[in-house]
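Single-letter residue listing:
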Amino acid sequence: MFESFDWVMAYVAPTGVGPTQLGPERSGQRNLRFQASGHTIDSVRVWDARRAIRTLRSGGGMRGVPLWLQGSGRMAGVLTYASLFEPEITRLDLHNPPRSHKNGPFLFNILDIMDLPQAVAVALERSKVVIYQEGKGGWEYPAKVVRVLGWEKSLQLRASHIEE
């Protein structure tokens, strides 16, 4: 596959995932430390994703290369927010994202401003978004934004074949 396409893949393990996984005895302590500083584990993960994007862009001939981000579950929401703050994200592939912040990602007071479908609608201004999920519904708001603004090619809803 890599010989056939001119692309590079990078996997990033944000805080609390993979080698930085939070153990049951430490997760409560670390979450309290995040909260005391005004953050949640998911807001730290948004920052981690942004740092990874900036690192990719900083060297190795990657400056100006289109980035395509993929995330699953809560991380799909995390990447949606990271894409709002970083330029030139070409595409977001969101696999089984939560349909509301009530199910994650957890960001302080975000529901006072917007929910995840509204964040996806904001991301559509600069990125193509493909949502893979089982079942229908939950994405009516970004679908309406796409229709009203004539961005029909920027949002796709596809059936997911991967269960969380």
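Every residue gets a number counted from 1 within its own chain, in the order that chain's sequence is written. pLDDT decides what is reported in this predicted model: residues at 70 or higher carry local features, side-chain atom pairs at 80 or more are listed and counted, and totals for whole chains, interfaces and linings draw on all residues regardless. Only hydrogens and water are removed before side-chain values are computed, so all heavy atoms of the structure are retained for them.

## Thoughts on the packing of helix H2 (residues 41–58) against helix H3 (residues 74–85)
Applied cut-off: Helix axes are fitted to C-alpha atoms over the stretch in contact, other axes to C-alpha atoms as well, and angles between N-to-C directions run from 0 to 180 degrees. Note on conventions: DSSP H or I runs of at least 4 residues are helices, E runs of at least 2 residues are strands, and numbering of each starts at the N terminus. Reported orientations rely on four angle classes, namely roughly parallel under 35 degrees, roughly antiparallel over 145, roughly perpendicular from 65 to 115, and oblique for the rest. For any pair of crossing helices, the crossing counts as left-handed if the nearer helix is rotated counterclockwise from the farther one by less than a right angle, and right-handed if it is rotated clockwise. Note on contacts: a residue pair qualifies if any of its non-hydrogen atoms lie within 4.5 Å across the two residues. For this scheme, ten residues count as nonpolar: Ala, Val, Leu, Ile, Met, Phe, Trp, Tyr, Cys and Pro. Four count as charged, namely Asp, Glu, Lys and Arg, and the remainder, Gly too, count as polar.
H3 packs onto H2 with a crossing angle of 55° between their chain directions and a minimal axis gap of 8 Å. Between H2 and H3, the crossing angle belongs to the class labelled oblique. Seen along the crossing, H2 lies across H3 with a hand that is right-handed. Contacts between H2 and H3 involve Ile41, Asp42, Arg45, Val46, Ala49 and Arg50 on the former and, on the latter, Arg74, Met75, Val78, Leu79, Tyr81, Ala82 and Phe85. Class assignment for the residues of the contact of H2 with H3 results in 9 nonpolar, no polar and 4 charged.

## Quick notes on the confidence of the model for the chain
How we decide: Scored between 0 and 100, pLDDT is the confidence that the predictor attaches to each residue.
Counting all residues, the mean pLDDT for the chain is 86, and 85% of those residues have values of 70 or more. For the chain, per-element mean pLDDT is lowest for helix H1 (residues 24–36), which scores 52, and highest for helix H4 (residues 116–123), which scores 98.

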